[in-house]
Amino acid sequence: MVMPMPFSTEDLSIYYGEFQAIKNISMGFPAASVTALIGPSGCGKSTFLRSLNRMNDEIAGSRSTGHIWMDGIDLTASGTDVIKLRQRIGMVWQRPNPFYKSIYENIAFGPRYYGIKNRKQLDEIVETSLRRAALWDEVKDRLKESALALSGGQQQRLCIARALSVNPQILLLDEPASALDPVSTGKIEELITELKKDLRIVIVTHNMQQAARVSDYTAYFYLGTLVEHGETDQIFTNPEKNSTQEYIMGRFG
Amino acid sequence: MTTQTQILRSKARKRAKTADKVATVVIIVFALSIVAILLGLIGFIMFRGLGHISWHFLTSNPQTIREGGGIGPPLFNSLYLLVLTMIITIPLGLGGGIYMSEYAKPGKITSFIRLVVEVLSSFPSIVIGLFGLLVFVNTFELGFSLLAGALALTIFNLPLMVRITEQAFAGVPREQKEAGLALGLSKWKIITSIMLPVAIPSLVTGTILAAGRVFGEAAALLFTSGMTTPPLNFSDWNPLHPRSPLNPLRPAETLATHIWKVNSEGLAPDAIQIAAGASAVLVIMVLLFNLFARWGGRTLYRYMTASKRMN
Ligand SMILES: Nc1ncnc2c1ncn2[C@@H]1O[C@H](COP(=O)(O)OP(=O)(O)OP(=O)(O)O)[C@@H](O)[C@H]1O
Ligand SMILES: [Mg+2]
């Protein structure tokens, strides 16, 4: 047997009631890289992504079998401290969802909750997180203003900064740019390329150009199964499976 | 496209436009008539009562037989009873509403609780008054007292408060909760720090509604807080002293019960004017409380969400 990767799933299945949305998926997410999840609508990308930080547990009627490994620990084990785990795995959604608080509070909230009370330390975390999310220069003079006053693209970067504020090792992005204009999308893509230097990133996208631009690995999902998974270059130029090629071609066309 | 279909389409469009205009006019007429009724009502009460309001009227004791009675103690009692009731109602209502919206799993028990809340909210207040008489006044031996009145009003208001809290929390975007969960926050932290601030505007509205009912309620209070006020010593603010205005175990007639009493069995020659003046004061208090609660809610919301407006 091959050693499981530091972050990987093994035989992971997810059910909503009787319906099996994810079917026995085993795949790894290499460090310092971006893995893109692609596939037609309803094939289970979001479900799979949400299960990685156990957000799927919050949906009534959902359950899972199989394992998720992180540094040798099984995240699906019943004793797992979900709260600690979520601190290590950040998540950002399609629609920006900043808290109804100031820009500063959006970022400082998590760290403060985890025990950092020192004002200077918090200031520092806020600045670093915003810088890492390429938002600092745009908001540094208005940190006390409501986060809801920011543009959609800025809000989305704020959400990324908020996820970064608690220093996660993994970032899960569910179509993070699909509600944004091309300029904001470009910024988010640059950001992803920058962030992957010290993070594992998993991104769901319907945009094939985007997958090709930002990801190192691509996984093609169809009806809850993992059809093909490999290096992005290879998946896009020379996929093994016909259905992968058809999906990608259809999407590019 | 043939000219005929073109004509038909433009006719249809015109018809739609006319319908739109008619509907707009009808709606505006309805809205205006509601405003007119409300203004007329307030104007009528003010017209009848304002002339009778004076500093003396607001501060002196009521008179049973002689002329020149005031409404000092009832006015104070109304305000104090409001505070007492809210101290009990708000925590219970928030707790119940948060439970219903965030903790209760859909099922038989939850539906049953919801049914009970709804039945309770349609109880006639006189029944709640009689219940308060039996349970709080007699069984718990609270006597005719502010506390018994506050408890009866809590029963009266709790369903409203629970329902409004439940709806306020259910109205918070699900994405807010998800964001908190993904950050690893506990459920309680998400409820108190993420959702509560968002829910504040609706909670303020609910509190205003509940408070308005406290000001206006008479039937539930006749047999609980009573229809008399003992002589009060307005320089003694120790709640434990029997003659202190703050003593929650003393009987107290409120403005609303006082109006009721003066109107139904008032012997003073100026009973009609006193009722009119007291009514005007009651209306003014409700209006003032509305403004104050809205201003307070807005300030709180701004403080907690760093926003400029209440949206
Ligand atoms: N909360 C839920 N309850 C029941 N079934 C669900 C739930 N969420 C998703 N599903 C089902 O699971 C399957 C996968 O859904 P999922 O949202 O993961 O797809 P997706 O690949 O992210 O689609 P999209 O590209 O449209 O976002 C779908 O058949 C969907 O109907
Ligand atoms: Mg999805």
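Cut-off values and rules
- Residues numbered from 1 in each chain as written.
- Chains lettered and ligands numbered in written order.
- Predicted model: local features only at pLDDT ≥ 70, side-chain atom pairs only at ≥ 80, totals over all residues.
- Heavy atoms only, no water.
- UniProt positions renumbered as here; feature names shortened; annotations may be inferred.
- Helix = DSSP H or I, 4+ residues; strand = E, 2+ residues; numbered from the N terminus.
- Rg over C-alpha atoms; globule rule 2.2 N^0.38 Å.
- Buried < 20%, exposed > 50% of the residue type's maximum accessible area, 1.4 Å probe, protein only.
- Lys, Arg positive; Asp, Glu negative; His and termini not counted.
- Charge placed at Lys NZ, Arg CZ, Asp CG, Glu CD.
- Near = heavy atom within 4 Å.
- Polar contact = N/O pair within 3.5 Å; in protein donor to acceptor, adjacent residues only side chain to side chain.
- Areas by Shrake-Rupley, 256 points an atom, 1.4 Å probe, with all protein chains shown as cover.

- The name given to chain B in an unreviewed UniProt entry is Phosphate transport system permease protein PstA, with the source organism recorded as Paenibacillus hunanensis.
- We quote the UniProt Subcellular location (unreviewed entry) comment for chain B here in full: "Cell membrane".
- Turning to chain B, the UniProt record has this under Sequence similarities (unreviewed entry): "Belongs to the binding-protein-dependent transport system permease family. CysTW subfamily."

- The name an unreviewed UniProt entry assigns to chain A is Phosphate transport system ATP-binding protein, from the organism Paenibacillus hunanensis.

A few points about the overall build of chain A
Thought 1: Scanning chain A from N- to C-terminus turns up 10 helices and 10 strands.
Thought 2: The C-alpha atoms of chain A give a radius of gyration of 18 Å, which matches the 18 Å a tight globule of 253 residues would have.
Thought 3: Principal axes of the C-alpha set define a box for chain A whose edges measure 55 × 45 × 30 Å.
Thought 4: Residue burial in chain A is summarised as follows: out of 253 residues, 53% are buried.
Thought 5: Charged side chains in chain A number 28 positive and 29 negative. The centres of these two groups are separated by 6 Å.

Looking at the UniProt feature "transmembrane region" (unreviewed entry) in chain B
Residues and elements named next belong to chain B.
Thought 1: Those residues carrying the UniProt feature "transmembrane region" (unreviewed entry) are residues 21–47, 79–100, 112–136, 142–160, 194–215 and 271–293 in this numbering.
Thought 2: Annotated as 88% helix and 0% strand, the span residues 112–136 places its first and last C-alpha atoms 26 Å apart.
Thought 3: End C-alpha atoms of residues 142–160 are separated by 25 Å, and the span's content is 79% helix alongside 0% strand.

Some remarks on the site of ligand 1
Residues and elements named next belong to chain A.
Thought 1: Near ligand 1, the surroundings consist of 14 residues, among which Ser41, Lys45, Ser46, Thr47 and His206 are the closest.
Thought 2: Here Glu175 contributes a side-chain N or O atom positioned 3.5 Å from an oxygen atom of ligand 1.
Thought 3: For ligand 1, an oxygen atom lies 2.6 Å from a polar atom in the side chain of His206.
Thought 4: Burial of ligand 1 by the protein chains amounts to 64% of its free accessible area of 630 Å².

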